[in-house]
Amino acid sequence: MHTVVERELQLKLVLSPERSIPVPALLTYRTADPYAVHIAFHIGSDFPVHWTFARDLLIEGVFRPCGHGDVRIWPTKADRRNVLFVALTSPEGDALLEVPSAAVAAWVERTLRLVPPGTETERLGIDEGLAELLAPLPADDLWLSDLWGPDDWQGGDA
């Protein structure tokens, strides 16, 4: 059975040091996809903007700066509150988001109780999938059997 852990959050899109705008978001973790976290940003358009990145990145980002390239996360204080800054980079542009640290930490803790670090691979079912993929099928018996026998084939000069 697969479980989904969701949390609605009110983030802030930082436009400048003095100005930000609220952005509703949905943070999602699926045990069927145990290495990833998903965020859907509802920015007033018909469709939300989706980002997916490593759960480990978010776990580490709660405690210390981490990430390279497209997703970077670091804890800090804003107006005497503990927050996370999440910097996202894409070909369409860059965004700096302020995220409530306590809400994310509590959500991350729920995901860790469901799928502890180091057990993600067990959720993927790779061994079962490979066994199914490599299992012989009844039709394989035809390919493995010698339909002509050694005397029925003359080697191309018939």
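Coordinates for the structure precede this section.
Scope of this entry: the structure provided in the associated data block.

Scanning the chain for helices and strands turns up 6 helices and 7 strands. Buried positions account for 29% of the 158 residues belonging to the chain. Taking all contacts inside the chain whose residues are at least 6 apart in sequence as the whole, residues at least 24 apart take part in 34%.

As a further point, take the environment of L97. Secondary-structure assignment places L97 in strand β7 (residues 93-100). Counting along the chain gives 74 residues from L97 to V23, while the straight-line C-alpha distance between them is 8.9 Å.

A few words on the sheet that holds β7. Ordered by their spatial adjacency, 7 strands build an open sheet running β4-β3-β2-β1-β7-β6-β5, and the pairing between neighbours is antiparallel. What marks the edges here is a single partner per strand, and that holds for β4 (49-54) and β5 (71-78). Taking the axes of each pair of neighbouring strands and ignoring which way they run, one obtains an average angle of 30 degrees across the sheet. Strand direction decides the pairing type here: strand β1 (residues 4-16) and strand β2 (residues 19-30), joined by 12 bridges, are antiparallel. The residue bridging L11 from the neighbouring strand is V23, located in β2.

Further remarks concern unusual backbone geometry. Residues other than glycine seldom take positive phi values, yet D79 does so here, at roughly 55 degrees. Residue position: D79 is located in the loop between β5 and β6 (81-90). Within the chain, R80 stands out as a residue other than glycine whose phi angle is a positive 65 degrees. Positionally, R80 belongs in the loop between β5 and β6.

Another aspect to go through is the side chain of R55. Topologically, R55 is positioned in helix α1 (residues 55-61). The exposure class of R55 is buried, given its relative accessible area of 1%. A distance of 3.1 Å separates a polar atom in the side chain of R55 from the backbone oxygen of T111. Reaching out from R55, the side chain makes a polar contact with the backbone oxygen of V115 at a distance of 2.8 Å. Among all residues touching R55, those that are not within four sequence positions of it are Y29, P34, Y35, A36, V37, T111, L112, V115, P116, P117 and E120.

Right, let's talk about the environment of K12 for a bit. Note that K12 resides in strand β1. Judged by its relative accessible area of 32%, K12 is partly exposed. Measuring from C-alpha to C-alpha, the distance between K12 and P22 comes to 4.5 Å, with 10 residues separating the pair along the chain. In this structure K12 touches S20, I21, R81, L96, L97 and E98, once residues within four positions along its chain are discounted.

Moving on, we get to the nonpolar core. F41, F53, L58, I73, V99, V104 and W107 are the most contacted members of the largest nonpolar core, which has 30 residues in total. No other element matches helix α2 (residues 101-114), which puts 5 residues into this core. When residues no more than four places from it in sequence are discounted, the contact partners of I73 are F53, L57, L58, G61, R64, P65, C66, F85 and V86.

Let us now look at α2. Along its 14 residues, α2 runs 20 Å from first to last C-alpha, staying within 8% of the 20 Å computed at 1.5 Å per residue. For α2, the set of buried residues is S101, A103, V104, W107, V108, T111 and L112.

In this section: the side chain of E120. On the secondary structure map, E120 appears in helix α3 (residues 120-124). On the basis of relative accessibility, which here comes to 5%, the residue E120 falls in the buried class. Only 2.9 Å separates the side chain of E120 from the side chain of R55, close enough to count as a polar contact. Apart from the residues within four sequence positions on either side, E120 is in contact with P34, Y35, R55, D56 and V115.

How each quantity is defined
- Residues numbered from 1 in each chain as written.
- Predicted model: local features only at pLDDT ≥ 70, side-chain atom pairs only at ≥ 80, totals over all residues.
- Heavy atoms only, no water.
- Helix = DSSP H or I, 4+ residues; strand = E, 2+ residues; numbered from the N terminus.
- Buried < 20%, exposed > 50% of the residue type's maximum accessible area, 1.4 Å probe, protein only.
- Contact = heavy atoms within 4.5 Å.
- Pairing = 2+ DSSP bridges.
- Axes fitted to C-alpha atoms, helices over the stretch in contact; angles between N-to-C directions.
- Polar contact = N/O pair within 3.5 Å; in protein donor to acceptor, adjacent residues only side chain to side chain.
- Core = buried A, V, L, I, M, F, W, Y, C linked by side-chain atoms within 4.5 Å.
- Expected span 1.5 Å × (residues − 1).

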